[in-house]
Amino acid sequence: MSTEAPATMEIESNPLPPKPKFEPLKPHEMSDGRVQFRKVSVPPHRYSPLKKCWMDIYTPVYEQMKIDIRMNLKARKVELKTRPDTPDVSNLQKCADFVQAFMLGFDVPDAIALLRLDELYVESFEIKDVKTLRGEHLSRAIGRLSGKGGKTKFAIENATKTRIVIADSKIHILGSFANMKIARDSLCSLILGSPAGKVYSKLRQVSARLAERF
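Residues numbered from 1 in each chain as written. Predicted model: local features only at pLDDT ≥ 70, side-chain atom pairs only at ≥ 80, totals over all residues. Heavy atoms only, no water.

Visitor: Sorry if this is basic, but what is going on with the sheet that holds strand β6 (residues 170–175) here?
Guide: The sheet built from 3 strands is open, its strands ordered β4-β6-β5 with antiparallel pairing. Because the sheet does not close on itself, it has two edges, and the strands there are β4 (121–126) and β5 (163–167). Direction aside, the axes of adjacent strands within the sheet are offset by 15 degrees on average. Alignment of β5 against β6, held across 5 bridges, turns out to be antiparallel. Of the residues in β6, the one forming a bridge with Ala-167 is Lys-170. (Pairing = 2+ DSSP bridges. Helix = DSSP H or I, 4+ residues; strand = E, 2+ residues; numbered from the N terminus. Axes fitted to C-alpha atoms, helices over the stretch in contact; angles between N-to-C directions.)

Visitor: In this structure, what is going on with a nonpolar patch on the surface? I would like to understand it.
Guide: Where nonpolar side chains cluster on the molecular surface, the patch consists of Leu-25, Met-30 and Val-89 and spans about 270 Å² of accessible area. With respect to the helices and strands, the residue Met-30 is situated in helix α1 (residues 27–30). (Patch = residues over 30% accessible without salt bridge, like charges linked within 9 Å, V, L, I, M, F, W, Y side chains within 5 Å. Areas by Shrake-Rupley, 256 points an atom, 1.4 Å probe, with all protein chains shown as cover. Salt bridge = Lys/Arg side-chain N within 4 Å of Asp/Glu carboxyl O.)

Visitor: Can you walk me through the packing of helix α3 (residues 54–64) against helix α4 (residues 91–104) in this structure?
Guide: For any two helices packed against each other, one specifies the inter-axial angle together with the distance between the axes. In contact at an axis separation of 11 Å, α3 and α4 are set at 170 degrees when each is read in the N-to-C sense. Judged on the interaxial angle alone, α4 and α3 are roughly antiparallel. Taking contact as the criterion, the partners of Ile-57, Pro-60 and Val-61 in α3 are, on α4, Cys-95, Phe-98, Val-99 and Phe-102. (Parallel < 35°, antiparallel > 145°, perpendicular 65-115°, else oblique. Contact = heavy atoms within 4.5 Å.)

Visitor: What exactly am I supposed to notice about the pattern of salt bridges here?
Guide: Close approach of charged atoms allows side chains of opposite charge to pair. Counted according to the given criterion, the structure contains 9 salt bridges. Between Glu-136 and Arg-140 there is a salt bridge, with its nearest N and O atoms 3.6 Å apart. Of this pair, Glu-136 and Arg-140 are both found in helix α8 (residues 136–146), 4 residues apart, which corresponds to roughly one turn of the helix. Using a relative accessible area of 44% as the deciding quantity, one classes Arg-140 as partly exposed. Ionic contacts of the salt-bridge type, sharing partners, join the residues Asp-68, Arg-83 and Asp-85 into one network. (Buried < 20%, exposed > 50% of the residue type's maximum accessible area, 1.4 Å probe, protein only.)

Below you can see the structure in the form of C-alpha cells.
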C-alpha cells in the first residue's frame, strides 16, 4: 500500500510592516503647546505667613516639580504655570493643591506631603454642617475639638495619621481617604457633644484595627 506524501502548500509570507515607535509627548505638547495656569487666592490673614515661608514654598515647586511660581501683589494671588521642562502635566495641580493647603493653615512640612504622595487629600467642612450651634454653644464645641492646649486635636491627628486645622468654625483635614473618614467621625462626635474620653477609647479601637490591617 503506497502512501502519498500530502501536497504542501507554500504560503507566501508577507512580512508585516515594522511597528511605529512614537516618542512620549512632553507635557507642553499635550496641551498643543499652550502654557497651563493655576491661581490661588491669598486670604488677608495668610499674607504675613506666606511672606515668611515664601522660600520654603518656592524651592520645591520651582526646583523639584519644575513649575514656575510667582506672587501677584496687585491681585493678591499666587500664580503657577507649566514650563517646557515640566516632567509631568499633573505637577501643576499638585503644586496648586500644596499652595492651597498652606493658605488653609497647614504648615509647609505637612502640606509638602501633597507633592510627594498621590493618595493625599484636603477636606473642609464647617461645624454648622454637623449641628447648628450659636453663641456659647459654638464656642464650647470649638473648645471640645481642640481640648486643653490642643490635646484632643493632637490625639486625633496621631491616632489617624492626619493633620487638622481648626480655623474658627471651619475645620480642614489633610490625609488619606480612609484616615480622613476616621478623623472626621471623631470630630463630628465631639461636635455633637460626646465627651473626649469616649472619643479617645473609640479611636484606640479603630487605630488598633488599622495597625492590624497594614
